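Here is how the chains run, residue by residue.
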Amino acid sequence: MDFTLILEWIIKGFVLTLILLGGFAYLTLYERRALARIQARIGPNRAGPFGILQPIADAVKLIFKEELTPALADKLLFLLAPVLTVVPAVVITAVVPWGKQSFSLFGRDITPYIADINVGVLYIMSIASIAVYGIVLAGWSSNNKYAMMGGLRSTAQMISYELTLGLSFVGAILLAGSMRMLDIVEAQKTMWFVVLQPIGTGIFLIATLAEVNRAPFDMPEAEQELTAGYHTEYSGMKFALLFMAEYTKMIAISAIGATLFFGGYREFWFLSNTVFSIDHTPWLGPVYIFIKIVILLFGMIWVRATYPRIRYDRLMAFGWKLLLPMSLALVFITAVGIILAEQVNKNLIWGIPVLSILVGLFAVGMIDRVLRRKDNARL
Amino acid sequence: MTTPAPVETLDLSTLLPGFVTTDTRPGYSGWVVDKNHLVEFASKLRDEFGYDLLTSVTGVDYLPDDKMEVVYHAFKTTGGPVLNYKVQVPRQDPIEVPSLVSVYPGVELQEREIWDLFGIIFTGHPDLRRILMWEGFEGHPLRKDWKEAYFEEESKPFKSRWPDGKIVQAENNNKFSDNIAYPAGFDPEKWIPEGEDALYGSLAKYEYTSQDGIKNDHIVVNLGPQHPSTHGVFRVSAVLDGEIIANLKPVMGYLHRNHEKIGERNTFLQNMPYTDRLDYLSSLSNNFGYALTVEKLMNIEVPERAEYIRVIMAELTRITNHCMALGALFNDLGTFFTPLIYLLEERELILDIFEAVTGSRMMCNYFRFGGVARDFPEGILEKIKGLVFERLPKKIDEIDRFMSDNEIIRSRGIGQGILTAEDAIRFSATGPLLRASGVPYDVRRADPYSIYDRFDFDIVVRQNGDIYDRYMVRLEEMRQSVRIIQQAIKGLPVGEFQTGKPQYQVRVPAGESYGRVESPKGELAFYVISTGKPSPWRYHVRAPSFINLTPYGHMCVGQKIADIVAILGSIDIVLGEVDR
């Protein structure tokens, strides 16, 4: 390990962080504009053409806002909590590959990802679970009942949905036969995993919403009941950090989803064997993954614009009684399907999507019983 | 014209011989009950005569006669006219009247209001605290001998405002605090607020057993008065066992402006614009109720055309109100504004009509005694027709399609915040809240006013009394309102829109009058007493949002925190009316 390698890492990390933070700023604008379109409004369009300077205006406002710390708050933790939330959100994308081939710059081969570790998926899981500390500590240190409830809710929610999220990763890991992100992407050369894992992808997307506290699972914030949940007492830049963490996590988890199930940096299926395929023009990789991220983000925004919030106890019931058994069943189906395809007949691989869709249909039929307790049944 | 409902000739004086007498004052009706036999009388009325819905309780201060009166208005949920009875007590403190909470729990908040504003102590009331004024307030403002700061004269127009032809603003004559009467020994500089021991004390009285049998410490959480989901400055104090509500009390009065005292200073007509500010989302319904009440006293007829215009405007108001109520309910259930904005779009179109007809979008001030202020302008009928025949039915169906089968709406609504039919009646709930519980009670049918008996429409009833049913009732009521407007537009006659000449000062004969309409939120009633002077002696508003809050705590206990706001949204309150 020489000095230039470390320098390369630092520079790449810096660039990625900048991209993420810029992406966060413009994600807020993107969300506000998209929400406005859905709601028959126009959205922010005053600052600059199409409102593209709006995020800068927001940032300037937040920087100059007075920062309040509640008198009886735990000052150190109150300060530490936003930092603890933001750091995992930023570093989680380190293992996501943005392209395949390394390119050469100043006589060095530079890879289009920061780290290529052979347990990339595990790294994601472990970092994702750190993020909950920030939220819990923010809620607890504020010395506010709303904030505390928001924090407690989010602990329970994130821990519950992390299990499901992890199990939904397993499908992709089994199919690729590796935990390395690059291998997973390359395994999707002929077919995206979303085709073989339709329900697994669905579970991943749902668990994702819960993991990043987006509607309809935005329990920790729950504006209508808890005013602002864990960040009720935050203002100024501290608030901006919590806000940033949420949106950066959205980008990161979309990138992970695109990588695991939607072919990552690989071309869209209708472009394979053309001049636009990754094998032919490698520099298109970042473009493809960017497009996929934007589409996934739009899905999150769309859900937020249209769905009401599910109630907290129902959310836990949904996670534990429906999603977790479902994802366990999917892991089993996938594993058996792969063994059968390898040893009996190659076409048996199609048993995986067929059976998992059956499981999905069964689960949809069970939603009523899971979400509505028996004593609340209609007369 | 309307056929008057058959008046039952009950002879209640034989019920409790010697203790019940007919109210013989000119212009008055009903019965005067001895205060020691009030509870017995009320329970007999409820159990033997079927007067199960006690909608309104209020006090009247007869200073010249040196007595106080508590007036009760009871109805049958099967329909029919009012039965009112009164209790008269001498005006020497302590003034005590037995509480009717044991017979009609629906009077709980109203009796607290009477204690607060009149200083009548209701013996046997479980939680007699001030409700609209703050703890530590000195005096009882609706008493006739209570004078507010900047007091000038008993009734408007105040002569001091233009002593020599020029307007003088009273505020400029008085330096701040000059004529504020502090209680003896009170120094505002040294005053330390008392805290809210009374509230928390009454909140601590509850019976609740945890579902899992574990002994938990409970915490008190206050939602409001500044909170995104309380629809204004409303406050909810809840005792929580984890996420489950063990006890809950609504706290109100943050928007109190003593509407009724202002109403007693105003002349009769001057009150009309003030009624707009009660339920500011449906000002035309408020106008309707007040106009009906005073017309009853004045005994005047309203021309045909004016009746039709009134009905069209009142039903349009119902649609705008339900748009807002449903949109806010969806917001409380956690949607991010999308359904609200879709509904607001329709509301804006109706407000355009209000603007064209009345000159104002929200504070319409359109009704007059004996008609309406002005006729429909040119071309407005086409606009209304376009709305009710084309656009609104489609849009209502669209909302139905988008929201009614949404799994989260169903799981948040079905079986949550249940109010059974018996409880709804006991707690004096009215409007969609009562009808969602399976009681087909609508003033437009039960005791028809104006020309509602001519239209063909259904009373929307749902059976389960949960949040989802209240939503469905409101949605269906919008369709029924569209139906009524369609018929009214077809039948709109040509003619006068007002009886006689428009006048600033009306002559109102002495007497009492209780007029009620089915406002979008429930039974909106006005109780007006005239002594023949230009201003009413007593002007009371039976505010549906206020009284519908009585069962709120009952509905919330055992639910989750998230349901506090959902249930509140399903009651549909407007703080201008709750606090008056």
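Going by the structure above, here's the rest.
Residues numbered from 1 in each chain as written. Chains lettered and ligands numbered in written order. Predicted model: local features only at pLDDT ≥ 70, side-chain atom pairs only at ≥ 80, totals over all residues. Heavy atoms only, no water.

Visitor: How would you sum up the overall build of chain A? Please name residues and give values.
Guide: A tally of regular secondary structure across chain A gives 13 helices and two strands. Relative to the globule expectation of 21 Å for 379 residues, the C-alpha radius of gyration of chain A, 22 Å, shows essentially globular dimensions. Dimensions of chain A, computed from C-alpha atoms along their principal axes, come out at roughly 70 × 65 × 45 Å. Residues classed as buried in chain A amount to 53% of the 379 residues present. A fraction of 77% describes how many contacts in chain A between residues 6 or more apart in sequence connect residues 24 or more apart. Here chain A has roughly 17500 Å² of accessible surface; of this, 72% comes from carbon and sulfur atoms. Positive and negative side-chain charges in chain A, numbering 31 and 25 respectively, have mean positions lying 8 Å apart. (Helix = DSSP H or I, 4+ residues; strand = E, 2+ residues; numbered from the N terminus. Rg over C-alpha atoms; globule rule 2.2 N^0.38 Å. Buried < 20%, exposed > 50% of the residue type's maximum accessible area, 1.4 Å probe, protein only. Contact = heavy atoms within 4.5 Å. Areas by Shrake-Rupley, 256 points an atom, 1.4 Å probe, with all protein chains shown as cover. Lys, Arg positive; Asp, Glu negative; His and termini not counted. Charge placed at Lys NZ, Arg CZ, Asp CG, Glu CD.)

Visitor: How would you sum up the overall build of chain B? Please name residues and give values.
Guide: Along chain B, the regular secondary structure elements total 19 helices and 15 strands. Evaluated residue by residue, chain B yields a buried proportion of 60% over its 580 residues. Excluding contacts between residues fewer than 6 apart, the proportion of contacts in chain B whose partners are at least 24 apart in sequence is 70%. For chain B, the computed accessible surface area is about 22500 Å², with 53% contributed by carbon and sulfur atoms. Here chain B contributes 64 positively and 82 negatively charged side chains, and the mean placements of these two sets differ by 4 Å.

Visitor: Explain empty space enclosed by the protein residue by residue, including any values.
Guide: Residues and elements named next belong to chain A. In total, this model carries seven cavities of 30 Å³ or more according to the counting rule given. Lining the largest cavity, in full, are Pro88, Ala89, Ile92, Ile127, Ala128, Ala131, Met158, Glu211, Val212, Lys249, Ala252 and Ile253. Listed by contribution, the elements that provide at least two residues to the lining of the largest cavity are α3 (75-91), α4 (120-141) and α10 (236-261). (1 Å grid on protein atoms, 1.4 Å probe; cavity = no way out; pocket = protein on both sides within 12 Å on 5 of 7 lines; lining within 4 Å. Points joined across faces, edges and corners; volume = space filled by probe spheres on them.)

Visitor: Help me get a handle on helix α15 (residues 467-491) of chain B, residues and values and all.
Guide: Given 3.6 residues per helical turn, the α-helix brings residues three or four places apart onto the same face. Taking 1.5 Å per residue, 25 residues should reach 36 Å; α15 of chain B reaches 36 Å between its end C-alpha atoms and fits that length. The element α15 of chain B is largely enclosed, with a buried count of 19 among its 25 residues. (Expected span 1.5 Å × (residues − 1).)

Visitor: Account for the environment of Thr430 of chain B, with residues named and values stated.
Guide: All names here are of chain B. Locating Thr430 in the fold gives a position in the loop between α12 (421-426) and α13 (432-436). Accessibility expressed as a relative area gives 1% for Thr430, which makes it buried. Considering only alpha carbons, one finds Thr430 and Thr55, 375 residues apart in sequence, at a separation of 8.3 Å. Once residues lying within four places of it in the same chain are set aside, the contact partners of Thr430 are Leu53, Lys521, Gly522, Glu523, Arg542, Pro544 and Asn548. Within the structure, the side chain of Thr430 is placed 3.4 Å from the side chain of Arg542, a separation counted as a polar contact. (Polar contact = N/O pair within 3.5 Å; in protein donor to acceptor, adjacent residues only side chain to side chain.)

Visitor: Can you break down the pattern of salt bridges residue by residue, with the values?
Guide: Residue and element names in this part refer to chain B. In total, this model carries 50 salt bridges over all chains according to the counting rule given. Residue Arg479 pairs with Asp397 through a salt bridge whose shortest N-O separation is 3.0 Å. Of this pair, Arg479 sits in helix α15 while Asp397 sits in helix α10 (residues 380-403); the two residues are 82 residues apart in sequence, bridging distant segments of the chain. When the shortest N-O distance is used, the salt bridge between Arg479 and Glu476 registers 2.9 Å. Placement of both Arg479 and Glu476 in helix α15 is noted, with a separation of three residues, approximately one turn of the helix. Here the residues in one salt-bridge network are Glu315, Arg318, Arg435, Asp442, Arg444, Glu477 and Glu518, joined through shared partners. (Salt bridge = Lys/Arg side-chain N within 4 Å of Asp/Glu carboxyl O.)

Visitor: Account for the sheet that holds strand β13 (residues 511-519) of chain B, with residues named and values stated.
Guide: Residues and elements named next belong to chain B. Pairing is antiparallel in the open sheet, where three strands are placed in the order β13-β14-β15. Strands at the two margins of the open sheet, each flanked by one partner only, are β13 and β15 (538-542). Across the sheet, the mean angle separating the axes of adjacent strands is 10 degrees when strand polarity is ignored. Where strand β14 (residues 522-530) and β15 come together, five bridges link them in antiparallel fashion. Paired with Phe526 across the bridge in β15 is Val541. Of the strands in this sheet, β13, β14 and β15 are in contact with helix α7 (residues 283-298), which crosses β13 at around 150 degrees. (Pairing = 2+ DSSP bridges. Axes fitted to C-alpha atoms, helices over the stretch in contact; angles between N-to-C directions.)

Visitor: Tell me about the environment of Pro377 of chain B, residues and numbers included.
Guide: All names here are of chain B. For Pro377, the position within the fold is in the loop between β12 (371-372) and α10. Among the residues examined, Pro377 registers a relative accessible area of 29% and is labelled partly exposed. Separated by 19 residues in sequence, Pro377 and Thr358 place their C-alpha atoms 9.4 Å apart. Every residue in contact with Pro377, bar those within four places of it in the chain, is listed here: Ala356 and Val357.

Visitor: Which residues make up the side chain of Ser142 of chain A, and what values go with them?
Guide: Residues and elements named next belong to chain A. Relative to the helices and strands, Ser142 resides in the loop between α4 and α5 (145-176). On the accessibility criterion, Ser142 (1% relative accessible area) is buried. Within the structure, the side chain of Ser142 is placed 2.7 Å from the backbone oxygen of Ala138, a separation counted as a polar contact. When residues no more than four places from it in sequence are discounted, the contact partners of Ser142 are Pro70, Ala73, Phe78, Ala147, Tyr230, Glu233 and Tyr234.

Visitor: I'd like a description of the packing of helix α8 (residues 304-332) of chain B against α15 of chain B, backed by residues and values.
Guide: Residues and elements named next belong to chain B. Between α8 and α15, whose axes approach to 9 Å, the crossing angle comes to 155 degrees. Considering their axes alone, α8 and α15 lie roughly antiparallel with respect to each other. Crossing angle aside, the handedness with which α8 passes α15 is left-handed. For the contact of α8 with α15, the class distribution of residues is 19 nonpolar, three polar and four charged. (Parallel < 35°, antiparallel > 145°, perpendicular 65-115°, else oblique. Left-handed = near helix turned anticlockwise from the far one by under 90°. Nonpolar A, V, L, I, M, F, W, Y, C, P; charged D, E, K, R; others polar.)

Visitor: If you had to explain the interface of chain B and chain A to someone new, which residues and values would you point to?
Guide: It is common to give the size of an interface as the accessible area lost on bringing the parts into contact. Listed as interface residues are 43 residues of chain B and, on the opposing side, 33 residues of chain A. Linking chain B with chain A are one salt bridge. We note a salt bridge from Asp563 of chain B to Arg311 of chain A, for which the minimum N-O separation is 2.4 Å. The tally of links from chain B across to chain A stands at eleven residue pairs in polar contact (both at pLDDT 80 or more). Of all elements in the fold, only β8 (219-223), α8, α9 (338-358), α11 (407-413), α15 and α18 (561-571) of chain B reach the threshold of two or more residues within the side of chain B that touches chain A. In terms of residue count, α11 of chain B provides more of the side of chain B that touches chain A than any other element does, six residues in total. Residue composition of the side of chain B that touches chain A, by class: 18 nonpolar, 15 polar and ten charged.

Visitor: Any chance you could break down the packing of α5 of chain A against helix α12 (residues 312-343) of chain A for me, citing the residues and the numbers?
Guide: For any two helices packed against each other, one specifies the inter-axial angle together with the distance between the axes. Residues and elements named next belong to chain A. Interhelical geometry of α5 versus α12 gives an angle of 15 degrees and a closest axis separation of 9 Å. Of the possible angle classes, the one that applies to α5 and α12 is roughly parallel. Along this stretch, α5 crosses α12, giving a crossing that reads as left-handed. In terms of residue class, the contact of α5 with α12 is made up of 18 nonpolar, seven polar and one charged.

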